[in-house]
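Spelled out, the chains give:
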Amino acid sequence: MTDWTDIGALSDIPERGARVVKTHMGCVAVFRTVDDEVFAIDDACPHKGGPLSEGIVHGRSVTCPLHNMVLRLDTGQAQGADEGSVNTYAIRVESGRIMLDTARLRRGQVA
């Protein structure tokens, strides 16, 4: 079951930028790519907990600002020689508004 929650306008996030949504399960980083794709993942790098929302967005990936770990935005998986992953969250854009599926966050379930 999904529970879509409006978290803001797409225009609130600059291209290759991010915003943070605070939840009771922790912070979720919402990214916008140069192609206007939107992704939501945990805001803490699996390596040392770096704030991914402050990382560099390139293509469908983000590079952690602390130690350059690269994570795919669509899968949450580390790239290259690094290992680890972060949780991803269902997200979509409707009429310029970003909708986040908060059902999993409310149930306390993370992938």
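Our subject is the structure that appears above.
Described below are features of the structure shown in this document. (Residues numbered from 1 in each chain as written. Predicted model: local features only at pLDDT ≥ 70, side-chain atom pairs only at ≥ 80, totals over all residues. Heavy atoms only, no water.)

When helices and strands are counted, the protein chain shows 1 helix and 10 strands. Here the C-alpha radius of gyration of the protein chain, 13 Å, is about what a compact globule of 111 residues would show, namely 13 Å. Counting over 111 residues, the protein chain shows a buried share of 41%. Put simply, of all contacts in the protein chain between residues at least 6 apart along the chain, 39% involve residues at least 24 apart. Summed over its atoms, the accessible surface of the protein chain is roughly 6,000 Å², and 46% of this surface lies on carbon and sulfur atoms. Once the 12 positive and 15 negative side-chain charges of the protein chain are each reduced to a mean point, those two points are 3 Å apart. (Helix = DSSP H or I, 4+ residues; strand = E, 2+ residues; numbered from the N terminus. Rg over C-alpha atoms; globule rule 2.2 N^0.38 Å. Buried < 20%, exposed > 50% of the residue type's maximum accessible area, 1.4 Å probe, protein only. Contact = heavy atoms within 4.5 Å. Areas by Shrake-Rupley, 256 points an atom, 1.4 Å probe, with all protein chains shown as cover. Lys, Arg positive; Asp, Glu negative; His and termini not counted. Charge placed at Lys NZ, Arg CZ, Asp CG, Glu CD.)

One covalent bond between the sulfur atoms of two cysteine residues makes up a disulfide. With the rule as written, the count across this model stands at 0 disulfides. Cys45 carries a free sulfur, and the closest cysteine sulfur to it, the one in Cys64, is 3.9 Å from it. Assessed through its relative accessible area of 2%, Cys64 is described here as buried. (Disulfide = S-S within 2.5 Å.)

Turning our attention to the packing of aromatic side chains. Counted under the stated rule, the structure contains 0 aromatic pairs. The side chain of Arg92 reaches across the aromatic face of Trp4, ending 4.1 Å from its centre. (Phe/Tyr/Trp six-rings, centres within 6.5 Å; stacked < 30°, edge-to-face > 60°. Lys NZ or Arg CZ within 6 Å of the ring centre and 35° of its normal.)

To continue, consider the nonpolar core. Judged by nonpolar contacts, the single largest core of 15 residues is most densely connected at Phe31, Ile41, Leu52, Val62, Leu71 and Leu73. Broken down by secondary-structure element, the contributors of at least two residues to this core are strand 3 (26-32) and strand 4 (38-42). Once you skip the residues sitting within four places of it in the chain, Leu52 turns out to touch Phe31, Ile41, Asp42, Asp43, Ala44, Cys45, Val62, Cys64, Leu71 and Val86. Counting 12 residues, the second-largest nonpolar core is a separate cluster that includes Val21, Val38, Ile91 and Leu100. (Core = buried A, V, L, I, M, F, W, Y, C linked by side-chain atoms within 4.5 Å.)

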